[in-house]
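Chain by chain, the residues run as shown.
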Amino acid sequence: MHPLLTDDMTSPSSWICLLRPCTAMKLLLDGCCKTTCWIFASWVNSVSQTPRGESVAIVGGGPAGLMAADVISAAGIPVHLYESKPSIGRKFLIAGKGGLNLTHNESYEDFVRRFGSRCSEVAPLLERFGPKEVRKWCRGLGVETFVGGSNRVFPSDMKAFPLLRNWLQRLQSQGVEIHTRHRWLGWDSAGKMSFDSAEGRYCVSSTATILALGGGSWSKLGSDGRWVEVLRQEGIGVQSLQPTNCGFDVLWSEYFRSRFAGQPLKSVILRFTDSRGNVFERRGSCVVTEYGLEGSLIYAASPLLREEINACGTARIVLDLAPDRTLENLQERLCAQRGSRSLSNHLRSRVNIKGVEAALLRECQLSTNTPSHRAEEWNNANALAHLIKSCPVRLESPRPLDEAISTAGGVLFEDLDERLMLKSRPGCFVAGEMLDWEAPTGGYLLTMCLSSGFAAGHGTMEWLNRRVMEGWWSRPWHFRLFMVTCSRNCIRRV
Ligand SMILES: Cc1cc2nc3c(=O)[nH]c(=O)nc-3n(C[C@H](O)[C@H](O)[C@H](O)COP(=O)(O)OP(=O)(O)OC[C@H]3O[C@@H](n4cnc5c(N)ncnc54)[C@H](O)[C@@H]3O)c2cc1C
């Protein structure tokens, strides 16, 4: 069985009607046995009602679109994949630049919890195609995976290119037709899909459609979020796109910005309590940038920080710059006689606070205190120890969507059925980052894109299957009788 066909697809009644004529003939010639003829007869039964020229159009050549194409083409259904860029999988390839983090090796419950308020919607999708299936899928493409630091899962060579190359080869062998430089514009008045291509504008009709257009970040790679307006005009609910896994602006002084931009704050604890009482506390690293703060620790807190800024205008985090020392230990060490040493030397020799961390203490003290209070705090060992343990930083705004690693917001799950089909547009499915979910970095993003592509692919097949069956029952009774008689005769002859 093909790795992407699930158990429910092993029942002939569910997929036989999806076979292409050539596939059915091949089966017949290969093994002319009773079973084969029965399959052929069933195929005659069902395909005779399949509309001629039936095909599936998938828009978007990212991991979600490619996964949907893989699932559907594996069942022998013609697939046309449209992509606005000259090549496929650009963001997937960029994701592989610093090591392609495919998924995460933690308990299923913990994995699902990372999707926050959307975990109940994504759980059924991840149950069918979750972290284990991602690794199996990877192996099926000839690439082994390994569990690296912090339980993150990577391909053995850390790269995206070999995986994408093997994947595209498989899709080609399954007959997927890829149309690059085709920008989807929306639907025309007759419901056909409208494309802008090198040959100009033209319309395409397909039996079913899957939209996998990505989010709105890194638009140079193709996903620019322009689909939001198109879908809203069609009355489809879309939550506004917002940055997530993103950096934040801080009003650094010119002195701090010019000297310390690019320097990492290694192993600090970020603590944040929002105005609704939600608490975030984690140890990790971040980087001081020209405009503020960036890096994995900041990304992890970004949904809470973004929402706080939306609600209150700013968000105040505190950083523990000496997580391995207690407050008492710091107080004790800083109380020691300073003598003629400068305060910087005192901080470095007594508590190992130096460089960007020492400068950050000064920076944050400058921005929060009056001059007299500043001098007092700076010369008071107890106050200084407190400042090291909870150095306040005020975040002004998230960085623009285009710079973010991923996008929050998108097509509302409430407007989709459990197969990811738009309730208001039967036959049109949605997958990937354009759905309204968000998750931290760590392999959750790709897993969810693959998982929703898988669900949309199977949802499409189920919908096509049901449509064929409904078509069969709507045929006149004498036509149905004729077809059944033909099939029975065919079986009896064997
Ligand atoms: C720098 C970076 C590093 C990342 N690293 C990781 C990582 O290590 N692990 C992880 O899990 N995730 C990572 N991600 C996130 C991950 O790459 C994305 O979540 C994922 O690629 C989204 O998949 P998608 O198929 O939904 O959309 P995309 O990959 O964005 O694909 C959408 C496709 O649709 C096409 N398209 C858009 N509009 C149209 C249109 N109108 N007509 C035709 N085609 C259109 C686009 O050109 C694009 O090719 C990273 C992201 C970035 C930016």
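About the thresholds
Residues numbered from 1 in each chain as written. Predicted model: local features only at pLDDT ≥ 70, side-chain atom pairs only at ≥ 80, totals over all residues. Core = buried A, V, L, I, M, F, W, Y, C linked by C-beta atoms within 7 Å. Buried ≥ 20, exposed ≤ 12 C-beta atoms within 10 Å, placed from the backbone. Helix = DSSP H or I, 4+ residues; strand = E, 2+ residues; numbered from the N terminus. Domains from an automatic or database assignment. Contact = placed C-beta atoms within 7 Å. Pairing = 2+ DSSP bridges. Axes fitted to C-alpha atoms, helices over the stretch in contact; angles between N-to-C directions. Near = placed C-beta within 6 Å. pLDDT = per-residue confidence, 0-100. Right-handed = clockwise from strand over helix to strand, strands pointing away.

Re the nonpolar core
Among the nonpolar cores identified, the biggest contains 120 residues, and I58, A68, A212, I388, V430 and A431 are the most heavily contacted of them. With 13 residues, the top contributor of residues to this core is helix α18 (residues 444–474). Two domains share this core, each providing at least three of its residues, namely domain 1 (50–242 + 402–472) and domain 2 (248–398). Those residues in contact with I388, other than ones at most four positions away along the chain, are L321, A322, L330, V351, I353 and L361.

A closer look at the sheet that holds strand β7 (residues 183–187)
Strands in a sheet are paired, the pairing made by backbone hydrogen bonds, and the direction either parallel or antiparallel. Strand order in the open sheet formed by 3 strands is β7-β8-β9, with antiparallel pairing between adjacent strands. Edge positions in the sheet fall to β7 and β9 (200–204), since each of these pairs with one other strand and no more. Taking the axes of each pair of neighbouring strands and ignoring which way they run, one obtains an average angle of 30 degrees across the sheet. Two strands pair when backbone bridges link them, and β7 and strand β8 (residues 193–197) are joined in this way by 4 bridges, in the antiparallel orientation. Its bridge partner lying in β8, W184 is registered against F195.

Some thoughts on unusual backbone geometry
At S150, a residue that is not glycine, the phi angle is positive and equals roughly 55 degrees. Along the chain, S150 turns up in the loop between β4 (145–147) and β5 (152–155). We classify S150 as exposed; it has 12 C-beta atoms within 10 Å. The phi angle at R181 is positive, at roughly 55 degrees, despite the residue not being glycine. Relative to the helices and strands, R181 is located in the loop between β6 (177–179) and β7.

Quick look at the site of the ligand
Near the ligand lie 36 residues; those nearest to it are G60, G62, G214, G222 and G432. Contributions of two or more residues to the shell around the ligand are made by α4 (63–74), α5 (90–95), β7 and α18. At 5 residues, the largest contribution of residues to the shell around the ligand is made by α5.

Details of the confidence of the model for the protein
Of the residues in the protein, 82% have a pLDDT of 70 or more, and the chain-wide mean is 88. Note on residues 45–52: pLDDT is under 50 here. Beyond four places in sequence and across chains, it has 16 contacts.

Side note on the pairing of strand β10 (residues 208–211)
Here β10 shows a buried face lined by A208 and I210 and a second buried face lined by T209 and L211. The pairing of strand β1 (residues 56–59) with β10 spans 4 bridges and is classified as parallel. By the bridge assignment, A57 is partnered in β10 with T209. Both β10 and strand β20 (residues 428–430) contribute to a ladder of 3 bridges, which runs parallel. Bridge pairing in β20 places L211 opposite V430.

Notes on the pairing of strand β2 (residues 79–82)
Two elements, β1 and β2, share 4 bridges in a ladder whose sense is parallel. Residue pairing in the sheet places V56 in a bridge with V79 of β2. Handedness of the crossover is the feature at issue here: the chain leaves β1, passes through α4, returns alongside β2, and the resulting connection is right-handed. For β2 and β6, the ladder comprises 3 bridges, and the chain directions are parallel. Bridge pairing links Y82 to H179 in β6.

Focus: the environment of V59
As for its placement among the helices and strands, V59 is situated in strand β1. By the C-beta count within 10 Å, which is 23 here, V59 ends up buried. Sequence separation between V59 and A69 is 10 residues, and the spatial gap between their C-alpha atoms is 9.9 Å. Leaving out residues up to four positions away in the same chain, V59 has contacts with G65, Y82, W184, L211, A212 and L213.

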